[in-house]
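Each chain, written out:
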Amino acid sequence: MATDASPPKASPDTGPAQPTTEEFVEVQASAEFAELRHAHRSFAFPLTIAFVLWYLLYVLLSNYAGGFMGTKLIGNVNVALVFGLAQFLTTFLIAWLYSRHAAAKLDPKAAAIKSRMEADA
C-alpha cells in the first residue's frame, strides 16, 4: 500500500553518532584494522580452499572412480554415500569452527574498533 507520508525522521539522540567517511578511511588504514583483516583472512582462506578441494575430490571420484565410489561398506551404504554425508559434516564443522574463531579473535577486535569510532564521532 503506497502512501504519501514521508518516512519517519530519526532523532539525533536515538543512537550513537555516525563516523565520517574520512574516519572510516583512517580506521581502514590503521594497524588495528589490518590485524583484524589478517585474523579473518588467515582463517577463512585456508579453510575455504581446503573445503573446495575436498568437494572437488568428491566430484572427481564420483565421475572417474565409479568402481571405488560404488564399493559397499555396510549393507547398501557405499563409499559415495559416506563421502556425500561427510560433505555435510564438514560444512557444519567449518561453520562451528568459524563461529568459535570469530567469538575469540574477531569479535573483540571489531568491538574495540567500533567503540573507538563511536566514541570519536
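Residues numbered from 1 in each chain as written. Predicted model: local features only at pLDDT ≥ 70, side-chain atom pairs only at ≥ 80, totals over all residues. Heavy atoms only, no water.

Caption draft 1: Structural view of the side chain of Q87. As for its position among the elements, Q87 is in helix 4 (residues 79–120). For Q87, the contacting residues outside a window of four places in its chain are F51, W54, Y55 and Y58. (Helix = DSSP H or I, 4+ residues; strand = E, 2+ residues; numbered from the N terminus. Contact = heavy atoms within 4.5 Å.)

Caption draft 2: Summary view of the packing of helix 1 (residues 21–28) against helix 4. Contact geometry of helix 1 with helix 4 gives a least axis separation of 11 Å together with a crossing angle of 145 degrees. Pair helix 1 / helix 4 crosses with right-handed handedness. The segment helix 1 lies against helix 4, with E23, F24 and V27 engaging I113, R116, M117 and D120. Partitioning the contact of helix 1 with helix 4 into residue classes produces four nonpolar, no polar and three charged. (Axes fitted to C-alpha atoms, helices over the stretch in contact; angles between N-to-C directions. Left-handed = near helix turned anticlockwise from the far one by under 90°. Nonpolar A, V, L, I, M, F, W, Y, C, P; charged D, E, K, R; others polar.)

Caption draft 3: Broad picture of the environment of F33. The residue F33 is located in helix 2 (residues 31–64) in this model. Separated by 76 residues in the primary sequence, F33 and K109 have C-alpha atoms spaced 8.2 Å apart. Ignoring sequence-local partners within four residues, the contact set of F33 consists of V27, Q28 and I113.

Caption draft 4: Here's a closer look at the nonpolar core. Listed in full, the seven residues of the largest apolar core are V27, L36, A39, A102, L106, I113 and M117. At the level of secondary structure, the elements contributing two or more residues to this core comprise helix 2 and helix 4. In terms of residue count, the dominant contributor to this core is helix 4 (four residues). (Core = buried A, V, L, I, M, F, W, Y, C linked by side-chain atoms within 4.5 Å. Buried < 20%, exposed > 50% of the residue type's maximum accessible area, 1.4 Å probe, protein only.)

Caption draft 5: View of the UniProt feature "transmembrane region" (unreviewed entry) in the protein chain. Per the UniProt entry, the sites bearing "transmembrane region" (unreviewed entry) are residues 43–61 and 73–98 in this numbering. For residues 43–61, helix accounts for 100% and strand for 0%, while the C-alpha atoms at its two ends are 27 Å apart. In residues 73–98, helix accounts for 77% and strand for 15%; the two terminal C-alpha atoms are 32 Å from one another. (UniProt positions renumbered as here; feature names shortened; annotations may be inferred.)

Caption draft 6: Local environment of the packing of aromatic side chains. One pass over the structure, following the stated rule, counts three aromatic pairs. Between W54 and F83 the ring centres are 5.5 Å apart and the planes differ by 50 degrees, which places this aromatic pair in the tilted class. One end of the pair, W54, is in helix 2; the other, F83, is in helix 4, and 29 residues separate them in sequence. Taken together, W54, F68 and F83 form an aromatic cluster joined through their ring pairs. (Phe/Tyr/Trp six-rings, centres within 6.5 Å; stacked < 30°, edge-to-face > 60°.)

Caption draft 7: Focus on the pattern of salt bridges. Enumeration according to the criterion identifies two salt bridges in this entry. For R116, the salt bridge identified is with E32, shortest N-O distance 2.6 Å. Taken together, the positions of R116 in helix 4 and E32 in helix 2 put the pair 84 residues apart, joining distant regions of the chain. Taking the relative accessible area as the measure of exposure, E32 reaches 27% and is therefore partly exposed. (Salt bridge = Lys/Arg side-chain N within 4 Å of Asp/Glu carboxyl O.)

Caption draft 8: Looking closely at helix 2. In a regular helix each residue adds 1.5 Å, so 34 residues correspond to 50 Å; helix 2 covers 48 Å between its end C-alpha atoms and thus fits that length. Regarding helix 2, the residues found buried are L36, A39, F43, A44 and L61. Considering only its buried residues, helix 2 is in contact with helix 3 (66–69) and helix 4. (Expected span 1.5 Å × (residues − 1).)

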